[in-house]
Amino acid sequence: MITNRTFTMIKPDAVENGHIGGILEKISSAGFKIVAMKYTQLSTRDAEAFYAVHSERPFFGELVEFMTRGPIVAAILEKDNAVEDFRALIGATNPAEAAEGTIRKLFATSIGENAVHGSDSDENAAIEGAFHFSGREIF
Ligand code: CMP
């Protein structure tokens, strides 16, 4: 059921710093099932479209440059209450404010380079998942 799914990306900073394995381990131990996953790199056009909601923000250019500078891991995760529980697992957008034990506290370096993305609503989880995966890539 769609309400039990969320979408995530392991961002270029975390990939560069060798944290793919550590982050996937946290995700699995927290009870999320990976129903789709790929290692890919966003083009400028992809990143501008994915983050269109932030296009008027002063950090938009920096965000697009960061998200396109290297590979990412994109995934759809399944669990009861997935969106809310995953946002709790990753912690606050700014790692300096993230709770102990959260993915951003453990692996992120700054508010811009914050290691992981997590959808903020069921509706966005569905949109973001469909942005990256076709139906036959979701299991
Ligand atoms: P996320 O919440 O995954 O999606 C929006 C992203 O914009 C956010 O992660 C950060 O990577 C980035 N972002 C949010 N606020 C700022 C900021 N003040 N400066 C730079 N980047 C930001």
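Source: prediction; values computed, not measured.

> Hey, could you run me through the overall build of the protein chain in this one?
If you tally the helices and strands in the protein chain, you get 7 helices and 4 strands. Listing each helix as α and each strand as β along the protein chain from the N terminus yields β-α-α-β-α-α-β-α-α-β-α. Relative to a compact globule of 139 residues, whose C-alpha radius of gyration would be 14 Å, the protein chain shows 14 Å and is just as compact. Each principal axis of the C-alpha atoms in the protein chain carries an extent, and together these give about 35 × 35 × 25 Å. Out of the 139 residues in the protein chain, the part that is buried amounts to 40%. Taking contacts inside the protein chain between residues at least 6 apart in sequence as the whole, the part at least 24 apart equals 77%. Accessible surface computed for the protein chain: about 7200 Å², of which carbon and sulfur atoms make up 52%.

> Mind showing me how you'd approach the side chain of Arg 104 here?
Relative to the assigned elements, Arg 104 resides in helix α6 (residues 103-107). Setting aside anything within four residues of it in sequence, one finds Arg 104 in contact with Ile 90, Gly 91, Ala 92, Thr 93, Pro 95, Ala 98, Asn 114, Val 116 and His 117.

> Help me out: how do you make sense of the environment of Thr 109 in this one?
Assignment of secondary structure puts Thr 109 in the loop between α6 and β4 (116-118). Sequence separation between Thr 109 and Glu 25 is 84 residues, and the spatial gap between their C-alpha atoms is 19 Å. In contact with Thr 109, not counting residues within four places along its chain, are Asp 13 and Pro 95.

> Would you mind going over the pattern of salt bridges with me for this structure?
Side chains bearing opposite charge may pair, as long as their charged atoms lie close to each other. The final tally for this structure, using the stated rule, is 6 salt bridges. Salt-bridge contacts for Lys 38 lead to Glu 137; the nearest nitrogen and oxygen are separated by 3.4 Å. A residue pair is termed long-range when its members are at least 10 positions apart, and Lys 38 in strand β2 (residues 33-40) and Glu 137 in the segment after α7 (122-132) qualify at 99 residues. On the basis of relative accessible area, Lys 38 is assigned to the partly exposed category, the value being 24%. Relative accessible area serves as the criterion here: at 29%, Glu 137 is assigned to the partly exposed category. A salt bridge links Asp 85 to Lys 79; the nearest nitrogen and oxygen atoms lie 2.6 Å apart. Where salt bridges share partners, they join Glu 16, Arg 69 and Glu 113 into one cluster.

> Help me understand the sheet that holds β4 in this model?
Sheets are built from strands paired through backbone hydrogen bonds, the pairs being either parallel or antiparallel. If you walk across this open sheet you meet the 4 strands as β2-β3-β1-β4, and the pairing is antiparallel. This sheet does not close on itself; its edge strands, each paired only once, are β2 and β4. Averaged over all pairs of adjacent strands, the angle between their axes in this sheet comes to 15°, without regard to strand direction. Pairing of strand β1 (residues 5-10) with strand β3 (residues 72-78) involves 6 bridges; the strand directions are antiparallel. Residue Arg 5 lies in a different strand from β3, and its bridge partner there is Glu 78.

The rules we used
- Residues numbered from 1 in each chain as written.
- Predicted model: local features only at pLDDT ≥ 70, side-chain atom pairs only at ≥ 80, totals over all residues.
- Heavy atoms only, no water.
- Helix = DSSP H or I, 4+ residues; strand = E, 2+ residues; numbered from the N terminus.
- Rg over C-alpha atoms; globule rule 2.2 N^0.38 Å.
- Buried < 20%, exposed > 50% of the residue type's maximum accessible area, 1.4 Å probe, protein only.
- Contact = heavy atoms within 4.5 Å.
- Areas by Shrake-Rupley, 256 points an atom, 1.4 Å probe, with all protein chains shown as cover.
- Salt bridge = Lys/Arg side-chain N within 4 Å of Asp/Glu carboxyl O.
- Pairing = 2+ DSSP bridges.
- Axes fitted to C-alpha atoms, helices over the stretch in contact; angles between N-to-C directions.

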